[in-house]
Amino acid sequence: MTNVFGSPHKGSGPSHEQVVFCQDEASGLRAIIAIYSTALGPSLGGTRFYPYGSEDEALTDVLNLSRAMAYKNALAGLDLGGGKAVIIGDPELDKSEALLRAYGRFVQSLNGRYYTACDVGTYSEDMDVIARESTYVTGRTVAHGGAGDSSVLTAYGVFQGMRAAAQALWGSPTLRGRRVGIEGVGKVGHRLVEHLREDGAEVVICDVSEAAVDRVRRLHPEVEVVADGDALVKTDLDVYSPCALGGSLNDETVPLLRARIVCGGANNQLAHPGVEKRLADRGILYAPDYVVNAGGVIQVADEIEGFSFERAKAKATQIFDTTARIFALAAEEGVPPAVAADRLAERRMTAVGRLRGIFLNG
Ligand SMILES: NC(=O)c1ccc[n+]([C@@H]2O[C@H](COP(=O)([O-])OP(=O)(O)OC[C@H]3O[C@@H](n4cnc5c(N)ncnc54)[C@H](O)[C@@H]3O)[C@@H](O)[C@H]2O)c1
């Protein structure tokens, strides 16, 4: 059974502030909203609609995801804390107007301590329905003032992180003439191909979906295709970019990797703690996933102010500087970049969160 109060957490950061179980029997809603930290402001993170095998599995997932959002939002420079929600059920079968609106009322009941957005199993159209009951909703459709597809700035941010890694390793940010392997050319991966080709990189891809590969090949017949992820890690690459699912960097793949840089959009690329050290020991520069894939959250967070693509893009451009700072701190403190990133996030949460101690009247 998951222990909420003593849930394991990264580094020396705090544990979860609040975990809310929400139930509406008539609509079938069973949701958990987890707020890890509001040190930097209201918590923000998406709602995952997923057929979890058990309540415990759902709870473990939401605790991990909400903590990760706190770190991501902190390093994205947002005035937002970390939270996340899960709805237990099959989105294909169980999603209904009543269920989403019931969920919206629970989000509203938190009075702005938690902002929701899309995640696996939820879409902008769902956010519009939730927003009929709550003002604390982002990731809405363009018709409702939303930012639209967040993969646009996610891919752009990953490209900025990759440029920072190139700068750190080769002394110049360009990827021109470098060979970049992308695992997964879905929403994020195929947009990353565009940035890389524009910059003059050679691109190698793989995807389990033939349609996804075909889409890239139609626009870029010069892009090389390999059979699968296993083949890609063994390919002669300068950069390896996981843009499919989590766990690509593990005890099997790390020893085989031929790339000098790892930088991609996928969440949770490190299969378990310790992989970051194995990468560092092999001299592979790892750009931490949650730092370089923050473009999407930057995009939806901008909606809170009234969406401006240019403003959001300018913020996503800063991923270059943040990634460079992490590499510098890693070198200075003699730790892998993933550890440096966590430290930097924790320092911002502590330094800025502490300011709430200065009393303001009202
Ligand atoms: N979309 C965003 O804004 C965003 C933001 C932050 C992080 N991410 C993360 O980036 C990753 C990609 O997201 P997306 O929105 O592009 O999703 P997506 O579903 O559009 O694309 C994922 C692609 O990976 C492919 N794939 C799945 N398993 C594979 C495997 N074993 N080998 C090769 N290809 C495989 C799929 O066929 C698909 O084409 C996910 O991990 C997601 O959590 C996305």
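If you're wondering where the values come from, they're calculated on a predicted model, not measured in any experiment.

### Focus on the overall build of the chain
Logical step 1: Along the backbone of the chain there are 14 helices and twelve strands.
Logical step 2: The C-alpha radius of gyration of the chain comes to 20 Å, within 12% of the 21 Å expected for a compact globule of 362 residues.
Logical step 3: Each principal axis of the C-alpha distribution contributes one length, and for the chain these read about 55 × 45 × 45 Å.
Logical step 4: Taken over 362 residues, the chain has a buried fraction of 51%.

### Some details on the domain arrangement of the chain
Logical step 1: Looking at the chain, the domain boundaries give domain 1 (18–71 + 80–142) and domain 2 (151–347).
Logical step 2: Computed from C-alpha coordinates alone, the two centres of domain 1 and domain 2 are separated by 27 Å.
Logical step 3: The partner domain 2 presents eight residues to the nine residues of domain 1 that form the contact.
Logical step 4: Along the lines of polarity and charge, the residues of the side of domain 1 that touches domain 2 split into six nonpolar, two polar and one charged.

### Considering the packing of helix 11 (residues 295–302) against helix 12 (residues 309–317)
Logical step 1: Where helix 11 contacts helix 12, the axes come no closer than 9 Å and their chain directions differ by 150 degrees. Helix 11 and helix 12 meet at a crossing whose hand is right-handed. Contacts between helix 11 and helix 12 involve Gly 295, Ile 298, Gln 299 and Asp 302 on the former and, on the latter, Arg 311, Ala 312, Lys 315 and Ala 316.
Logical step 2: Of the residues belonging to the contact of helix 11 with helix 12, the class tally is three nonpolar, two polar and three charged.

### Overview of the pairing of strand 1 (residues 18–24)
Logical step 1: Two strands pair when backbone bridges link them, and strand 1 and strand 2 (residues 29–37) are joined in this way by seven bridges, in the antiparallel orientation. Residue Val 20 lies in a different strand from strand 2, and its bridge partner there is Ile 33.
Logical step 2: Taking the residues that link successive antiparallel strands as the turn, the strand 1-strand 2 hairpin has four residues, and the phi of Gly 28 there is positive, at about 85 degrees.

### Here we look at the UniProt feature "binding site: NAD(+)" (unreviewed entry) in the chain
Logical step 1: With numbering matched to this structure, UniProt assigns "binding site: NAD(+)" (unreviewed entry) to Gly 184, Val 185, Gly 186, Lys 187, Val 188 and Gly 189.
Logical step 2: Among the structural elements, Lys 187 can be located in helix 6 (residues 187–199).
Logical step 3: Take Lys 187: there are 17 C-beta atoms within 10 Å of it, and that puts it in the partly exposed class.
Logical step 4: Once residues within four sequence positions are removed from consideration, Lys 187 is found in contact with Asp 149 and Ser 151.
Logical step 5: The residue Gly 189 is located in helix 6 in this model.
Logical step 6: Note on Gly 189: 26 C-beta atoms within 10 Å, which makes it buried.

### A few points about the environment of Arg 258
Logical step 1: Topologically, Arg 258 is positioned in the loop between strand 10 (239–242) and strand 11 (261–262).
Logical step 2: Residue classification places Arg 258 among the partly exposed positions, given that 15 C-beta atoms sit within 10 Å.
Logical step 3: As a C-alpha pair, Arg 258 and Asp 119 span 139 residues in sequence and 32 Å in three-dimensional space.
Logical step 4: Excluding residues within four positions of it along the chain, Arg 258 makes contact with Lys 234, Thr 235, Asp 236 and Leu 237.

### Observations regarding the UniProt feature "active site" (unreviewed entry) in the chain
Logical step 1: Under the UniProt annotation, the feature "active site" (unreviewed entry) is placed at Lys 84.
Logical step 2: Residue position: Lys 84 is located in strand 5 (residues 81–88).
Logical step 3: Taking the C-beta count within 10 Å as the criterion, Lys 84 has 29 such neighbours and is therefore assigned buried.
Logical step 4: Apart from residues no more than four positions distant in its own chain, Lys 84 is found in contact with Ala 34, Gly 45, Gly 46, Val 62, Leu 65, Ser 66 and Met 69.

### Some words on the site of the ligand
Logical step 1: Of all residues adjacent to the ligand, which total 24 residues, the nearest are Gly 184, Gly 186, Val 188, Ala 244 and Gly 296.
Logical step 2: Secondary structure elements with two or more residues in the shell around the ligand: helix 5 (151–170) and helix 6.
Logical step 3: At three residues, the largest contribution of residues to the shell around the ligand is made by helix 6.
Logical step 4: Tallied by class, residues from the shell around the ligand come to nine nonpolar, twelve polar and three charged.

### Re the nonpolar core
Logical step 1: Core analysis: the largest hydrophobic core is formed by 115 residues, its most contacted members being Tyr 103 and Val 262.
Logical step 2: For this core, the leading source of residues is helix 5, giving eleven residues.
Logical step 3: Among the domains, domain 1 (18–71 + 80–142) and domain 2 (151–347) are the pair contributing at least three residues each to this core.

Criteria and cut-off values
- Residues numbered from 1 in each chain as written.
- Predicted model: local features only at pLDDT ≥ 70, side-chain atom pairs only at ≥ 80, totals over all residues.
- Helix = DSSP H or I, 4+ residues; strand = E, 2+ residues; numbered from the N terminus.
- Rg over C-alpha atoms; globule rule 2.2 N^0.38 Å.
- Buried ≥ 20, exposed ≤ 12 C-beta atoms within 10 Å, placed from the backbone.
- Domains from an automatic or database assignment.
- Contact = placed C-beta atoms within 7 Å.
- Nonpolar A, V, L, I, M, F, W, Y, C, P; charged D, E, K, R; others polar.
- Axes fitted to C-alpha atoms, helices over the stretch in contact; angles between N-to-C directions.
- Left-handed = near helix turned anticlockwise from the far one by under 90°.
- Pairing = 2+ DSSP bridges.
- UniProt positions renumbered as here; feature names shortened; annotations may be inferred.
- Near = placed C-beta within 6 Å.
- Core = buried A, V, L, I, M, F, W, Y, C linked by C-beta atoms within 7 Å.

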